[in-house]
Each structure stands twice: as C-alpha cells, then as structure tokens.
Amino acid sequence: MGTTPYDWLNNSLVALHRAHRYREVQAVDGTAGAVVQRQGQTLINFASNDYLGLASDPRLAEAAIAAIHTYGTGSTGSRLLSGHRELHRQLERAIAALKGTDDAIVFSSGYLANLGAIAALVGTPDLVLGDEYNHSSLRAGSKVSGATAIDYRHGDVAHLREMLEIHRDRHRRCLIATDSVFSMDGDLCPLPEILELADTYDAMVLVDEAHGTGIFGAQGSGAVEHLGCTGRPLITVGTLSKALGSLGGYVAGSQPLIEFLRNRAPSWIYTTGLSPADAAAALAAIHIVQGEPQRRTALWGHVRQVMAQLDAILTQAETSHPIRRLPSESPIICLEVSSAATVVAASEQLQSMGLWVAAVRPPTVPTSRLRITLMATHQQTHLDQLLAGLQRVL
Ligand SMILES: *Cc1c(COP(=O)(O)O)cnc(C)c1O
C-alpha cells in the first residue's frame, strides 16, 4: 500500500508535536553575549552557558586567529598521528594547573571526554553507579563501556551506599560517576561523602565539572575546589565550551590515569585533534579565569540577587499553576512548572518581552521548567527586566 521502511519517521514526528516535545533550532545572529540578536529580535540572554562572557572576549578571538595564522584551521589528524601541536600540551598543562592535578588530556568535546574516559576505565565485569540526574554523556559512556550501570537517587548518599553494599562485591572495578553541578537543576553533588564511600568500597570517582569550571572556587578551579576536595584521588572531566567560551573537553587527574587514557580512550585515539583555534581560545580563557576573579565575584552577586528576588516574587504570587524554584547553588536557576505546554507558553511570553529563558522539558528532565542561567556580564538593568518579566508571567 505504498508504505516504506521510513514511514515511522513521520509518525514519530507527529507524536512529538502532540506531546509538545518537538524541538527545532533558532539562529543567533552576530556575537554571543548577555544581549543577542535572534531572528531580528533583541533578547537579553538567560539561556547560555557562557557564564563569564568569554565567548565574545576579544582576547580569545585574537588567540584563536593567531593560532590559525600559525597552524592553519584543521589539526589534520588524530593526536597520535598528525594532529598534535605544542599548543595542545600547553592547554593540557594549563588545565592540570587550574585543577591541581598531575596532568590532563584534551578531547574534542566534553561529551567525547566522558564517553572515552568511562569506556576506557570500565568494561563488562565492572560496575558504574551514577546519579539519576547525570548528564547524557555520562550515561552514554556507561552504556558503551558494557559495564553494569545502576542509578542511585539524586544526591542520595544513603542510597549510593546501599547500592555499593548490594552490588560492589559482584564486580571487578567500580566507578561512581556524577555531575559536580547538575546541569538542569543547578544543585551540587555531595562530593566529600561520595569520596568517603568510594574509599570504603574501593571505587573510583568520576566527577563532571562542565558547569563548575571557571565559576566555583577561589581560583575558579571548579566545584571540586569549592567543596574542599582538591588533591583527592579523582577523575575530573569537563568542557572547554561553557565558562571557557571555546570548544572541547578534558579529563584531569593522576599521571597514570592520563597516560592510560592516551592509550585506551577510543574517542580520543580515533578522532581528529582539537582545532588550533579552539585550543588557543581555551588557553586564553584559562588565563583570564585565573587572572580576573572579579568576573566570578560579579556572577555570584547576580546569583544571590536573582534568587532572593525570585523567592520574594514566588511568595507573593497567587499563581493558578504551582511554581517552585528548584534548590540551586549555582548560576543555573530553575522554576519548575506543571506541564510542558505551560513551560513553552511561559518561555514564549518572556520572549515577547525581550527575555530569552529556556523551556526545558522531558525527556531531558523529569519535570518541565524554565531554566535561567546568569552571566558575569549581565547588567543590573538586564536583571531588573528579567525579574519584572517573570513577575508578569507568574
Ligand atoms: C555540556 C555538558 C557536557 C558536554 O560538554 P560538551 O563540551 O558540550 O560536549 C558534559 N557534561 C555536562 C554535565 C554538561 O553540562
């Protein structure tokens, strides 16, 4: 009857539309920043991961352009073949210095860093215990590794202990994997307690600092520093694409760990080395993170102010739908709303007021929410407009 093996695609798209889960891209014109142009509209940007405003910093652009002039655009091969430059080692040493680790290894993205590290560190006889709210790349890594992957309840150390008690003995190696700053909630993992359990049960710990690096800690090293765990035996993963304003990912840790990954991480060995431009921009960003703590001071000032004023608004508001601010200790501030349709409508209403606030829906997260991310480079008027807009929408 004229059916083809691809008809299910259209049926799936119809179902996505019906469930308000259909997604599409929207182009930003011009440079990144606290204010952006999107499809002809000027929007105050509360939807980016560019926490320190470095993606449009001229010093990163100059470093990237200089690297292109020196090395060209592409790295032309995998790092073990023709793709390695001295610039990559400079970047890896700078990451290790920022993190207070022996060494680091740079991947082409944070996603690939998690995929490669987990797949290299564990296999079929092993166990991965992950926080149920972990980033998709941690889940993908566990799956690819072939290890037994079990989730523990979000931030629940007692449940993690229970899982270790039940499952640890039946496996060879064990890896506990967690975001340090949860990307869709903004809260922190209980790292000191996790490290203690890891010690007791002979487990490795991998912590994903994608939303921590550059933002947390006196040195901007990340949430590991903030939580007092620098120097503990740890596998730290992160990205160069959020606060560092570039592209790429990394693993930081002990000398044997990094050497092992250079020999065994498939998503590092079998992919083209990071481009010279991205590497140079990230290196410039690390120097700014270390040299300009005032950016973090500004960002944290914004976080405290917006949280306090939002809570005041929520206490006063007589809302027809229940709205809750999710517990957060980071520049990621989420307002949980009742349904996917409601969150999309709220985001559209905010957009009509010139405010770009992301609507995040299942299956990315268990419950629909407005996700606000703050930047060091937001001005007071931007924050005022955000709060006024939210007050109207709520
Ligand atoms: C963004 C993100 C990643 C992926 O990093 P990319 O460099 O964008 O691939 C990994 N983990 C977490 C927690 C993230 O938020």
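For the structure, see preceding data.
Residues numbered from 1 in each chain as written. Predicted model: local features only at pLDDT ≥ 70, side-chain atom pairs only at ≥ 80, totals over all residues. Heavy atoms only, no water.

Peer 1: Before we go on, may I ask you to explain the overall build of the protein in this structure?
Peer 2: Within the protein, the regular secondary structure consists of 14 helices and 15 strands. Radius of gyration (C-alpha) of the protein: 22 Å, near the 21 Å computed for a compact globule of 394 residues. Structurally, the protein occupies a C-alpha span of about 60 × 55 × 55 Å along its principal axes. When the 394 residues of the protein are sorted by exposure, 54% land in the buried category. Restricting the contact set of the protein to residue pairs at least 6 apart, pairs at least 24 apart contribute 69%. In the form shown here, the protein has an accessible surface area of approximately 17,400 Å², with 53% of it arising from carbon and sulfur atoms. Averaging the positions of the 31 positive and the 37 negative side-chain charges in the protein gives two centres separated by 3 Å. (Helix = DSSP H or I, 4+ residues; strand = E, 2+ residues; numbered from the N terminus. Rg over C-alpha atoms; globule rule 2.2 N^0.38 Å. Buried < 20%, exposed > 50% of the residue type's maximum accessible area, 1.4 Å probe, protein only. Contact = heavy atoms within 4.5 Å. Areas by Shrake-Rupley, 256 points an atom, 1.4 Å probe, with all protein chains shown as cover. Lys, Arg positive; Asp, Glu negative; His and termini not counted. Charge placed at Lys NZ, Arg CZ, Asp CG, Glu CD.)

Peer 1: So what exactly am I meant to see when it comes to the site of the ligand here?
Peer 2: In the vicinity of the ligand, 15 residues are found, and the nearest of them are Gly110, Asp208, His211, Thr239 and Lys242. At a separation of 3.4 Å, a nitrogen atom of the ligand approaches a polar side-chain atom of His135. In the model, an oxygen atom of the ligand is placed 3.2 Å from a nitrogen or oxygen of the Ser241 side chain. The fraction of the free accessible surface of the ligand (380 Å²) that becomes covered by protein chains is 85%. (Near = heavy atom within 4 Å. Polar contact = N/O pair within 3.5 Å; in protein donor to acceptor, adjacent residues only side chain to side chain.)

Peer 1: So what exactly am I meant to see when it comes to the sheet that holds strand 10 (residues 249–253) here?
Peer 2: One key point about sheets: their strands pair by backbone hydrogen bonds, in either a parallel or an antiparallel sense. With respect to topology, 7 strands assemble into an open sheet ordered 4-10-9-8-7-5-6, the strand pairing being mixed. Unpaired on one side and paired on the other, strand 4 (103–107) and strand 6 (148–152) mark the two borders of the sheet. Taken over all neighbouring pairs, the strand axes of this sheet differ in orientation by 20° on average, direction set aside. With 4 bridges connecting them, strand 5 (residues 127–131) and strand 7 (residues 174–179) associate as parallel partners. Each residue of the ladder has a partner; that of Leu129, found in strand 7, is Ile176. The strands touched by helix 3 (residues 86–99) within the sheet are strand 4, strand 9 (235–239) and strand 10, with strand 4 carrying the most contacts at an inclination of about 125°. (Pairing = 2+ DSSP bridges. Axes fitted to C-alpha atoms, helices over the stretch in contact; angles between N-to-C directions.)

Peer 1: Where do I start with a nonpolar patch on the surface in this structure?
Peer 2: Together, Tyr6, Trp8 and Leu9 make up a nonpolar patch on the protein surface, roughly 380 Å² of accessible area in all. In this fold, Trp8 is placed in helix 1 (residues 7–18). Classification of Trp8 as exposed rests on a relative accessible area of 51%. (Patch = residues over 30% accessible without salt bridge, like charges linked within 9 Å, V, L, I, M, F, W, Y side chains within 5 Å. Salt bridge = Lys/Arg side-chain N within 4 Å of Asp/Glu carboxyl O.)

Peer 1: Mind showing me how you'd approach the packing of aromatic side chains here?
Peer 2: Scanning all chains against the criterion turns up 1 aromatic pair. Seen in terms of ring centroids, Phe216 and Trp300 are 4.9 Å apart; in terms of plane orientation they differ by 70°. Their pairing is edge-to-face. Separated by 84 residues along the polypeptide, Phe216 in the loop between strand 8 (204–208) and helix 8 (223–226) and Trp300 in helix 12 (residues 294–316) bring together distant segments of the chain. With a relative accessible area of 2%, Phe216 lands in the buried category. Taking NZ or CZ as reference, Arg38 lies 4.5 Å from the ring centre of Trp356, over its face. (Phe/Tyr/Trp six-rings, centres within 6.5 Å; stacked < 30°, edge-to-face > 60°. Lys NZ or Arg CZ within 6 Å of the ring centre and 35° of its normal.)

Peer 1: I would appreciate a short explanation of helix 1 in the present structure.
Peer 2: Think of an α-helix as 3.6 residues a turn; residues three or four steps apart then line up on the same face. Taking 1.5 Å per residue, 12 residues should reach 16 Å; helix 1 reaches 17 Å between its end C-alpha atoms and fits that length. Positive backbone phi, at 55°, marks His20, one or two positions downstream of helix 1. (Expected span 1.5 Å × (residues − 1).)

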